[in-house]
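Inside the fold
What follows is the residue order along each chain.
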Amino acid sequence: MFETVFSTMFRFAEVTNAGLAWLGAGFAVIAGLGTGIGQGYAAGKAAEAVGRQPDAQGKILVTTLVTQAVAETTGLYGLLVALILIGKS
Amino acid sequence: MNDFTLFDPMSSAVRSTLIIFVVLSIFFIVVGAKIKKLDPKKTPKGFLFGCIMLVDGFNKFISEYMDKDKFKFFGAYLFTIIVFLATANTISLIGLTPPLSNLGVALAFTVMTFFAIKIAEFKFISVKKKVDNLLGEVKFMAPILFPINLIGEVSTPFTMGLRMFVNLLSGVVIATMVYSVLSFSLGFLQGLSGIFAGLFLHAVFDIFFGLIQAFVFLMLTTINISLATDA
């Protein structure tokens, strides 16, 4: 069954440089996975901290924004690589 | 939305940068001249009072994260940065391209931050201290740590500029994508959904993310200057 599937796939779709670039762009945005986990963890800890110490909410908010922006960077690099790859094709 | 090009030196983004630059300069000069003429014994009113309160609140906020002498030297620079970025990131509400969605403009901010940190180091810590920082705490690890620290000198401002660039760019890309999907035909329902989608997209990507990115850039500049001169 797989042989027929692959043979039909390769008959209609050939492997081109542009196609590989788009495939690479798709792989590059997997970097968002780690970013999501990290940002969620930071936000959860910030919520815990506010729950434990509601008076310090302003300072915790500022710290959380900065740390989240730092954690976001790797995912943004993935997006940048994806955009560059799309522009190549 | 205009067509988006990744590496174009004199694009619409640079044009809107120049527009914001000129408008803000005129605004600041006029307000500054008006505030100079104020009577210090009377309470200011209306718009000028708002401006004074804004600067005062900014001073109070930043001096929590910086020493007093550093704040006196860098306060004006930091306030200029936050006002420019807050205006620039929300500028697409009036139809211009957000300037930070061009790599050239974003890397200009990288260069500015790099020189700000270097100036802070030259002004507030000695050369010997700086060399010590570059070599690291443990002396026999210095041949390994020195190149890494040298890369860190450049990569910190580079990351800051690039982060803001990609954040703004993602907003522009998503807005362009949604608008191009909605512009296939000009039916009534599609036009209506385009209006609502535009409302939502610009509220989230321009106002919310734009202001947060401006704030984050300000905080990171402040913290990096403090860190570079503390140790």
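Further up the page is the structure itself.
Please read these numbers as outputs of a predicted model, since none were measured by experiment. (Residues numbered from 1 in each chain as written. Chains lettered and ligands numbered in written order. Predicted model: local features only at pLDDT ≥ 70, side-chain atom pairs only at ≥ 80, totals over all residues.)

This part takes up the overall build of chain A. Of regular secondary structure, chain A possesses four helices and zero strands. Starting at the N terminus, the α and β elements of chain A follow one another as α-α-α-α. (Helix = DSSP H or I, 4+ residues; strand = E, 2+ residues; numbered from the N terminus.)

This next bit is on the interface of chain A and chain B. Each partner contributes residues to the interface: chain A has 10 residues there, and chain B has 11 residues. Taken together, the residues of the side of chain A that touches chain B break down into eight nonpolar, two polar and no charged. (Contact = placed C-beta atoms within 7 Å. Nonpolar A, V, L, I, M, F, W, Y, C, P; charged D, E, K, R; others polar.)

All names here are of chain B. Tracing the chain through its elements places Tyr65 in the loop between α2 (46–62) and α3 (68–89). A C-alpha to C-alpha distance of 30 Å links Tyr65 and Asn102, two positions 37 residues apart in sequence. Once residues lying within four places of it in the same chain are set aside, the contact partners of Tyr65 are Thr222, Ile223 and Ser226.

All names here are of chain B. It is the contact of helix α6 (residues 142–182) with helix α7 (residues 188–230), at a shortest axis distance of 10 Å, that shows an interaxial angle of 180°. In terms of their interaxial angle, α6 and α7 are classed as roughly antiparallel. Residues Thr156, Met160, Met164, Asn167, Leu168, Gly171, Ile174, Ala175, Val178 and Leu182 of α6 form the contact with α7, whose participating residues are Gln190, Ser193, Gly194, Ala197, Leu201, Phe205, Asp206, Phe209, Gln213, Phe217, Leu220 and Asn224. Among the residues forming the contact of α6 with α7, the class breakdown is 13 nonpolar, eight polar and one charged. (Axes fitted to C-alpha atoms, helices over the stretch in contact; angles between N-to-C directions. Parallel < 35°, antiparallel > 145°, perpendicular 65-115°, else oblique.)

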